[in-house]
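# Structural characterization, general
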Amino acid sequence: MKATKKIVVIGTGYVGLPAALMWAKAGLSVVGVDINKNLVRAINERTLLLDEKELQALLEDPVVRANLSARQTPCEGDVFVIAVPTPVDPLKKVCDMGPVEAALASVLPHLRRGNLVILESTVPPMTCRRMVKTFIETRTKFKVPRDILVAHCPERILPGDIFQEIVHNDRLIGGMDARSARVAAEVYGCFVKGELHLTDDLSAELAKLMENTYRDVNIALANEFAQICEHLGADVRRVIGFANKHPRVKILSPGIGVGGHCIPVDPWFLKEVAPYNARLISTARMVNDEMPEHIAGKIRRAVSDVREPRIVALGATYKRNCEDMRESPALEIVEILRRDGYEVAHYDPLVAQLRGPSLVKAARGADLIAVLVCHDEIRAELDEKRAAIEKAMRHARIIFFEE
Ligand SMILES: NC(=O)c1ccc[n+]([C@@H]2O[C@H](COP(=O)([O-])OP(=O)(O)OC[C@H]3O[C@@H](n4cnc5c(N)ncnc54)[C@H](O)[C@@H]3O)[C@@H](O)[C@H]2O)c1
């Protein structure tokens, strides 16, 4: 990449750090900026922070070592990439733009004509056109995109497989004009092997939100099917298996709810800009949000014949085989049951603070094992030691809420 020399990445978490590493590996000069001083220190000391096997190797790579540094405040650069959180306000269900505004404000003093600002954070539609443009134009002498190029290049990575995905996934490059898109495409072209799809900022914002909303709505449909089957006494997984024999049907598996900080969050950003149109989206959110209470109810019923039941809940992360507990429905289920006065021991072999004893030991005297998140490790232990586990229990009941 000829014109671009220095990339400043604001926010070096799950999204920002891997991208910073990839650009540094590609030979660009990269400054990672984060308000979290421990993170900044860790990057500069090359210590592992995320549980991604390739991360440590890249941090220690001599090319990356030479090209990447981290600090707490921005500096001058050619490209500013904003990858800060965009949480949803828990009551109003609208995007909290505070971190993006703070990140933009910190960049403004360092902006020079011709710079490119890339927003990687997931944002509500029209953010580039309304918020970013206005923010820059009212606080500097620059016009967007005449003087400062702006693009929205949303991230699609899957935690647990970040480095494979960041390189091989196709990528949307949403420029506020053709020049913004072209320069942003050059920036990502340094390491992305998937296809780069150049488009406008609004289309990129919408497409990113549609992706996660599509998943949320389809999960809600599977969860609703599960509740209908329960009501009629049918085995939902079996029935879905039959339905999926249709060549054009692919129903997802029902579960305990939706976690992580993307799928349960992003649909709200569509609702925020089009509340009267987003009817299906709102209902799906409601169905998925109610799942932890529904599952807690099933657990209560399963032990209703036992006095002072002892429950063992397995799995605490928001999805299988990862250590991320953000917005985890499993945590919510355990919290609901404990609030109701149930004795619940919660174990997860992938989470340091919940690792606990072997399953045979954990099962001692239990009346129910509720498998909330079925990591491969949990499945293997349950399969291998099933007889011993059941023998250790007071009542040998094991329910899989996730297959
Ligand atoms: N994690 C994912 O899998 C994923 C996937 C796609 C999109 N996204 C989106 O990417 C964005 C970032 O998500 P993440 O998972 O990397 O979040 P994260 O919490 O892991 O990292 C964000 C980082 O930004 C830092 N930060 C906050 N405000 C700052 C500021 N003003 N200046 C500098 N640093 C600041 C935080 O300290 C944190 O380290 C969000 O909008 C998210 O929705 C995430």
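This report concerns the structure included in the present document. (Residues numbered from 1 in each chain as written. Predicted model: local features only at pLDDT ≥ 70, side-chain atom pairs only at ≥ 80, totals over all residues. Heavy atoms only, no water.)

## Digging into the overall build of the protein
- A tally of helices and strands in the protein yields 17 helices and 12 strands.
- Overall, the protein is about 70 × 50 × 40 Å in size when its C-alpha atoms are taken along their principal axes.
- By the burial criterion, 50% of the 403 residues in the protein qualify as buried.
- Sequence separation of at least 24 residues holds for 74% of the intrachain contacts in the protein that already meet a minimum separation of 6.
- Entry remark: accessible area of the protein is about 19,100 Å², with carbon and sulfur atoms responsible for 53%. (Helix = DSSP H or I, 4+ residues; strand = E, 2+ residues; numbered from the N terminus. Buried < 20%, exposed > 50% of the residue type's maximum accessible area, 1.4 Å probe, protein only. Contact = heavy atoms within 4.5 Å. Areas by Shrake-Rupley, 256 points an atom, 1.4 Å probe, with all protein chains shown as cover.)

## Focus on the nonpolar core
- With 41 residues, the main nonpolar core has Leu21, Trp23, Leu116, Ile118 and Tyr188 as its most contacted residues.
- The element that contributes the greatest number of residues to this core is helix H1 (residues 16-25), accounting for seven residues.
- Listed in part, the 37 residues of the second largest apolar core include Leu108, Leu119, Ile148 and Trp268. (Core = buried A, V, L, I, M, F, W, Y, C linked by side-chain atoms within 4.5 Å.)

## Describing the side chain of Ser180
- Looking at where Ser180 falls in the secondary structure, it is placed in helix H8 (residues 178-189).
- From its side chain, Ser180 meets the backbone nitrogen of Val150 in a polar contact 3.2 Å long.
- Ser180 has contacts with Leu116, Pro145, Leu149, Val150, Ala151 and Gly175, leaving out every residue within four places of it along the chain. (Polar contact = N/O pair within 3.5 Å; in protein donor to acceptor, adjacent residues only side chain to side chain.)

## Focus: the pattern of salt bridges
- Tallied over the full model, the rule gives 24 salt bridges.
- Here Arg171 and Glu155 are joined by a salt bridge, their closest N and O atoms 3.0 Å apart. Taken as a pair, Arg171 in strand S7 (residues 171-175) and Glu155 in the loop between strand S6 (149-152) and helix H7 (162-168) lie far apart in primary sequence, 16 residues in all. Taken individually, Arg171 and Glu155 each receive the classification buried, so the pair is uniform in this respect.
- Two residues, Glu381 and Lys385, come together in a salt bridge whose shortest N-O distance is 3.7 Å.
- Here Lys385 falls in the partly exposed class, since its relative accessible area comes to 34%.
- Taken together, the shared-partner salt bridges connect Glu76, Asp78 and Arg112 into one network. (Salt bridge = Lys/Arg side-chain N within 4 Å of Asp/Glu carboxyl O.)

## Brief notes about the packing of aromatic side chains
- Inspection of the entire model under this criterion finds three aromatic pairs.
- Relative to Tyr188, the ring of Trp23 has its centre 5.4 Å away and its plane inclined at 55 degrees; by these criteria the two rings are tilted. Taken together, the residues Trp23 in helix H1 and Tyr188 in helix H8 connect sequence positions 165 residues apart. Considered together, Trp23 and Tyr188 belong to a single accessibility category, that of buried residues.
- With centroids separated by 5.5 Å and ring planes inclined at 75 degrees, the aromatic side chains of Trp23 and Phe191 adopt a geometry described as edge-to-face. Placement of the pair is Trp23 in helix H1 and Phe191 in the loop between H8 and strand S8 (196-200), with a sequence separation of 168 residues. Across this residue pair, the class does not change: Trp23 and Phe191 are buried.
- By the ring-pair criterion, three or more aromatic residues cluster together here, those being Trp23, Tyr188 and Phe191.
- Stacked on the ring of Phe135, the Lys or Arg Arg139 has its end atom at 3.8 Å from the ring centre. (Phe/Tyr/Trp six-rings, centres within 6.5 Å; stacked < 30°, edge-to-face > 60°. Lys NZ or Arg CZ within 6 Å of the ring centre and 35° of its normal.)

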